[in-house]
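So the chains spell out like this:
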Amino acid sequence: MTSYCFPATDQATLPIAGSPDLFPVRRIFCVGRNYEAHAAEMGNTVDRAAPFYFTKSAHALLQSGQDMPYPQGTRDLHHEIELVVAIGKSVGLENPPPEEVEIFGYAVGLDMTRRDLQAAAKDGRKPWDTGKDFENSAIIGPITPAVDTLLDAASIRLDVNGETRQSAPLTDMVHSVPEIIAHLSTLYRLRSGDLIMTGTPAGVGAVVAGDTLIGSIDGLEGVRTKVV
Ligand code: MN
């Protein structure tokens, strides 16, 4: 029996719609600039040749329905509503080909961003970590088990205090879910429990304490939080 010098961190988990089981979260990959209109609003263009990524720690996870304390270190907290892909069973190979990576299900997530810190990092040609990977910055709803074609005609939407801020068809994604999995598999061994946040449509903006955020994608359980 292993003993630790202090209690080990609890396993981060997400609920699964229609199941008593929990989904144990391993890594959180995030795709940047995957909607043309969002790239444009940030003064960027999309790279159609390949997606790019940043990551969040599993302990950045906040379950839907919980309040998000306004984070330290920022005066410009932004919302980004995103489709989240949950990777299922590992196939047992050293480096599984992308077609053997099983999608367990999908969820709706908020990539909360300290935009002022991210902007300063961009200006200084520094990494984005402090702008993106911080406590409670990955707010994700329950995982809905994958159903073929479920998302083909779906739209993604975020309402803040009842007003729609972001809305787009998922077909606006520059790189599709299969394309992202294929490309990411050239860089990492995707494994059970990995999550991929697939980028946000246009309309990102600031939230303040007291704001209620409700995100949805047709056919999936939604995500909800209140900034406090
Ligand atoms: Mn994002």
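Since this is a predicted model, take the numbers as computed values, not measurements. (Residues numbered from 1 in each chain as written. Predicted model: local features only at pLDDT ≥ 70, side-chain atom pairs only at ≥ 80, totals over all residues. Heavy atoms only, no water.)

### So, the packing of aromatic side chains
Pairs of aromatic rings are described using the distance from one ring centre to the other and the angle between the two planes.
Point 1. Using the criterion set out here, one finds four aromatic pairs in the structure.
Point 2. Their ring planes at 50° and their centres at 5.4 Å tell us that phenylalanine 23 and phenylalanine 104 sit as a pair that is tilted. Highlighted residues: phenylalanine 23 in strand β2 (residues 19–24) and phenylalanine 104 in strand β8 (residues 103–111), separated in sequence by 81 residues.
Point 3. Given the relative accessible area of 28%, phenylalanine 104 is considered partly exposed.
Point 4. One aromatic cluster in this structure is built from Phe52, Phe54 and Trp128.
Point 5. Lying across the ring of phenylalanine 134, arginine 114 places its NZ or CZ 4.3 Å from the centre. (Phe/Tyr/Trp six-rings, centres within 6.5 Å; stacked < 30°, edge-to-face > 60°. Helix = DSSP H or I, 4+ residues; strand = E, 2+ residues; numbered from the N terminus. Buried < 20%, exposed > 50% of the residue type's maximum accessible area, 1.4 Å probe, protein only. Lys NZ or Arg CZ within 6 Å of the ring centre and 35° of its normal.)

### Some points on the sheet that holds strand β9 (residues 113–114)
Point 1. With respect to topology, three strands assemble into an open sheet ordered β9-β6-β15, the strand pairing being antiparallel. The open sheet is flanked by β9 and β15 (205–206), the only strands paired with a single partner.
Point 2. Strand direction decides the pairing type here: strand β6 (residues 77–79) and β15, joined by two bridges, are antiparallel. Considered in β15, the bridge of histidine 79 is made with glycine 205. (Pairing = 2+ DSSP bridges.)

### What about the pairing of strand β17 (residues 223–226)?
Point 1. Burial along β17 is one-sided: the face carrying Val223 and Thr225 is buried and the face carrying Arg224 and Lys226 is not.
Point 2. Pairing geometry for strand β16 (residues 212–217) and β17, over four bridges, is antiparallel. Each bridged residue has a counterpart across the sheet, and for leucine 213 the counterpart in β17 is threonine 225.
Point 3. Hairpin remark: β16 followed by β17, antiparallel, with five residues in the connecting loop; positive phi at glycine 219, about 90°.

### Thoughts on the environment of aspartate 111
Point 1. For aspartate 111, the location among the structural elements is in strand β8.
Point 2. Look at aspartate 111 and you get buried, because its relative accessible area is 0%.
Point 3. Taking the C-alpha atoms as reference, aspartate 111 lies 6.1 Å from serine 137; in sequence the two are 26 residues apart.
Point 4. If we skip the residues at most four places from it in the chain, aspartate 111 touches Phe54, Lys56, His78, His79, Glu80, Glu82, Lys132, Ser137 and Met197.
Point 5. At a separation of 2.8 Å, a polar atom in the side chain of aspartate 111 contacts the side chain of lysine 56. (Contact = heavy atoms within 4.5 Å. Polar contact = N/O pair within 3.5 Å; in protein donor to acceptor, adjacent residues only side chain to side chain.)

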